[in-house]
Amino acid sequence: MMAKAKFVPKPNAFYELRHSPQVRSLVDSTAAQIASRAGDGFEWSSRQGARNPSGRWRAIVYPATFSARAKNARDNTLVRAMGGGSG
């Protein structure tokens, strides 16, 4: 008879995973690609969220200039840059 395997999670495992350089790099590169596709005036930033319980690494892409804000409001530039819009 075979023994049953028992899963015992480490308390900090999710935090360590979400704080890893690989995850940070993936999130940052995705945000940079979206900002690049959106065009001039769009920037991005990233940070780790509060540890509640595990603190996700997150990024935002935003219009940093007035003309970029107007372009985004008129054309949904950020939605299109993420691949969610047509054209």
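I will try to describe carefully the structure that is included in this document. Every residue gets a number counted from 1 within its own chain, in the order that chain's sequence is written. With pLDDT at 70 or above as the cut-off, local features in this predicted model cover only qualifying residues; side-chain atom pairs require 80 or more to be listed or tallied, and sums for whole chains, interfaces and linings still use all residues. Side-chain figures throughout are based on the complete set of non-hydrogen atoms in the structure, without hydrogens or water.

**Observations concerning the overall build of the protein chain**
Inference 1: A count of helices and strands for the protein chain gives 4 helices and 2 strands.
Inference 2: Going residue by residue from the N terminus, the α and β elements of the protein chain occur as α-α-β-β-α-α.
Inference 3: Radius of gyration: over C-alpha atoms. The globule rule applied is 2.2 Å multiplied by the number of residues raised to the 0.38 power. The globule rule puts the C-alpha radius of gyration for 87 residues at 12 Å, and the 19 Å found for the protein chain is more than 25% above it.
Inference 4: Principal-axis analysis of the C-alpha atoms places the extent of the protein chain at approximately 65 × 25 × 20 Å.
Inference 5: We call two residues in contact when some of their heavy atoms are within 4.5 Å. Long-range contacts, defined here as pairs at least 24 residues apart, represent 44% of the contacts in the protein chain between residues at least 6 apart.
Inference 6: Only the protein chains shown count as covering a residue, and every accessible area follows the Shrake-Rupley method with a 1.4 Å probe. For the protein chain, the exposed surface amounts to about 6900 Å²; the carbon and sulfur share of it is 56%. Strands are runs of DSSP state E lasting at least two residues, helices are runs of H or I lasting at least four, and both sets are numbered from the N terminus onward.

**Observations concerning unusual backbone geometry**
Inference 1: Positive phi, close to 55°, is recorded for Asn76, a residue that is not glycine.
Inference 2: Mapped onto the secondary structure, Asn76 falls in the loop between α3 (66-75) and α4 (77-81).

**Quick notes on helix α2 (residues 21-38)**
Inference 1: By this rule the span expected of a helix is its residue count minus one, scaled by 1.5 Å. Taking 1.5 Å of rise per residue, 18 residues should cover 26 Å, and α2 covers 26 Å from first to last C-alpha, within 8% of that figure.
Inference 2: Think of it in three bands: with a 1.4 Å probe and only protein chains considered, a residue is buried below 20% of the maximum accessible area for its type, exposed above 50%, and partly exposed in between. Those residues of α2 that fall on the buried side of the exposure criterion are Asp28, Ala31, Ile34, Ala35 and Ala38. In an axial view of α2, the angular spread of the buried residues amounts to 125°, which keeps them on one side of the axis. When the buried face of α2 is taken as reference, the exposed residues oriented beyond 90 degrees from it are Pro21, Gln22, Leu26, Ser36 and Arg37.
Inference 3: Here the buried face of α2 lies against β1 (42-48), β2 (57-63), α3 and α4.
Inference 4: At the C-terminal side of α2, Gly39 shows a positive phi close to 110°. Each C-beta atom gives one direction from the helix axis, and the arc is the one those directions make.

**Thoughts on the environment of Ala13**
Inference 1: Inspection of the secondary structure assignment puts Ala13 in helix α1 (residues 13-18).
Inference 2: Considered as a pair, Ala13 and Ala38 are 25 residues apart in the sequence and their alpha carbons are 35 Å apart.

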